[in-house]
Amino acid sequence: MRKIAFFIYSLGSGGAERVVSTLLWDLKDSYDITLILMSEIIFYDIPPSIKIVYLERSVPPEKGFFKLIKIPILSYRLRKIVNENGIELIFSFLNRPNYINILSNIPYRNHKVIISERTNPSAMYRENTISNFISKLLIKTLYNFADIIVPNSHGTAYELVENFGIKEELVEVVHNPVDMERIDKLKYIDISMPCPSSDFIFVNIARMEKQKNHKLLIEAFARADMENTTLLLIGDGYLRESLHLLCKRLSLEDRVYFLGKIDNPYPYLNTSDSFVLSSDFEGFPNVLIEALACHIPIISTNCPSGPAEILKDDYDGSEPIEEVEITDYGILVEKGSVESLARAMKILRYNETLQKKLKSSAKSRVLEYEKGKILKKFDLLIKKV
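The shown structure was predicted, so the numbers you read here are calculated from the model rather than taken from an experiment.

S.K.: Kindly report on the sheet that holds strand β10 (residues 274-277), identifying the contributing residues and their values.
M.R.: One open sheet holds the seven strands; their spatial order is β9-β8-β7-β10-β11-β13-β12, and the pairing between them is mixed. Whereas interior strands pair on both sides, the edge strands pair on one side only; in this sheet they are β9 (256-260) and β12 (324-326). Direction aside, the axes of adjacent strands within the sheet are offset by 20° on average. For strand β8 (residues 229-234) and β9, the ladder comprises four bridges, and the chain directions are parallel. Within the sheet, the bridge partner assigned to Leu-232 lies in β9 and is Tyr-257. Strand contacts of helix α12 (residues 286-293): β7 (200-205), β10 and β11 (298-301), with the helix running at about 170° to β10, the strand carrying the most contacts.

As structure tokens, then:
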């Protein structure tokens, strides 16, 4: 069998890590697979047959600049792993593994290189810091040396080509897969809702950090001022306490509920009336696909990248939207606008016809992201190089 490797920083509880775990299970009988990690964190199950090799055993968090200056050393180590194990292809996920994967192959071209870009680089590195400047420079300098570049959204693909000078012929978009069978099993598990009886429940699932902009969501919920309406916040993070204080200032303590991190959020999606994404930027938000799988109407900021192409047919990554736009499969609102998000929440809250339409359209839309269909695309890319 062909010897290939999947290379990612860790197998923690993120979206890219979940995709790698899924690929390991799906491809284990077709290839001789090595999993290359930079940290010992393993959250997802992996097949017993998979060989694990550690490029290093780092302990996060690491400082950004220090992480970057280690790249040449780690690239040399990766080249040795390739030679010692006879690896023919490395498929890497996330930025640092991508840099290391490409650099390890220059100038010797010992293995084929596929890299997966999981976020919008202009948004990710928007702040004016030395490490962000270096990261953007590395993308511009290194990415064209890859054999295939796999963004998980058309918005990110557009960014790479238009703003980073990446050759369009190298770019192959493959969206994230959704395991509908697994979600269908998990979403019907009985739960006890933490809030009193409510006519309408909005729900958000996200880490409580700046990128996810829970502050916008809470302020929009307050601005909308809807009777018998509840907001559930699932997730945890360093901003949780400040968001609690914001709810207290806005007199929302009995209408906004902080549920913390939950291993199985699907029953809450299945029981709620609308999912709201308030992020400033994403790569490709898995949670929107999971909300579609639970047939729940979606409201999302039109942030880069992913929401517009999930919620609109034939979106190419560049088309602007209105401040509030009812789309084929949800509602898109202007990024960062409290007024637009509040208006969208009120529109959906009081329009039962729209609610039924979006629930119905979710059933067909989610089929585009079905696991088997997406994994076949990954396998075809591996076979291509």
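S.K.: Residue-level account of the pairing of strand β4 (residues 89-93), with values.
M.R.: Most of β4 is tucked away: five of the five residues are buried. Residue alternation in β4 divides its side chains into two sets, Leu-89, Phe-91 and Phe-93 and Ile-90 and Ser-92, and both sets are buried. Here strand β1 (residues 3-8) pairs with β4 via four bridges, running parallel. Residue pairing in the sheet places Phe-7 in a bridge with Ser-92 of β4. The sheet contact formed by β4 and strand β5 (residues 112-117) spans five bridges and is parallel. Note that in β5 the partner of Phe-93 across the bridge is Ser-116. A crossover links β4 with its parallel partner β5, the connecting element being helix α4 (residues 95-104), and its sense is right-handed.

S.K.: So what's going on with the nonpolar core? Which residues, and what values?
M.R.: Counting 35 residues, the largest nonpolar core has Leu-232, Leu-269, Phe-275, Ile-289 and Ile-310 as its most contacted members. Elements that contribute at least two residues to this core include exactly β7, β8, β9, α11 (266-271), β10, α12 and α13 (307-311). With six residues, the single largest contributor to this core is α12. When sequence neighbours within four positions are dropped, the list of residues in contact with Phe-275 reads Val-203, Asn-204, Ile-205, Leu-269, Val-287, Leu-288, Ala-291, Ile-296, Pro-297, Ile-298 and Ile-299.

S.K.: Go over the packing of helix α3 (residues 71-85) against α4 with me, naming the residues and quoting the values.
M.R.: Orientation of α3 relative to α4, taken along the N-to-C sense of each, is 60°, at an axis distance of 8 Å. Compared by their axis directions, α3 and α4 come out oblique. Read as a crossing pair, α3 and α4 show a hand that is right-handed. Facing α3, whose interface residues are Ile-71, Pro-72, Leu-74, Ser-75, Leu-78 and Arg-79, α4 presents Arg-96, Tyr-99, Ile-100, Asn-101, Leu-103 and Ser-104. Grouping the constituent residues of the contact of α3 with α4 by class yields seven nonpolar, three polar and two charged.

What counts as what
- Residues numbered from 1 in each chain as written.
- Predicted model: local features only at pLDDT ≥ 70, side-chain atom pairs only at ≥ 80, totals over all residues.
- Heavy atoms only, no water.
- Pairing = 2+ DSSP bridges.
- Helix = DSSP H or I, 4+ residues; strand = E, 2+ residues; numbered from the N terminus.
- Axes fitted to C-alpha atoms, helices over the stretch in contact; angles between N-to-C directions.
- Contact = heavy atoms within 4.5 Å.
- Buried < 20%, exposed > 50% of the residue type's maximum accessible area, 1.4 Å probe, protein only.
- Right-handed = clockwise from strand over helix to strand, strands pointing away.
- Core = buried A, V, L, I, M, F, W, Y, C linked by side-chain atoms within 4.5 Å.
- Parallel < 35°, antiparallel > 145°, perpendicular 65-115°, else oblique.
- Left-handed = near helix turned anticlockwise from the far one by under 90°.
- Nonpolar A, V, L, I, M, F, W, Y, C, P; charged D, E, K, R; others polar.

Note that all results are geometric; they support no functional claim without further evidence.
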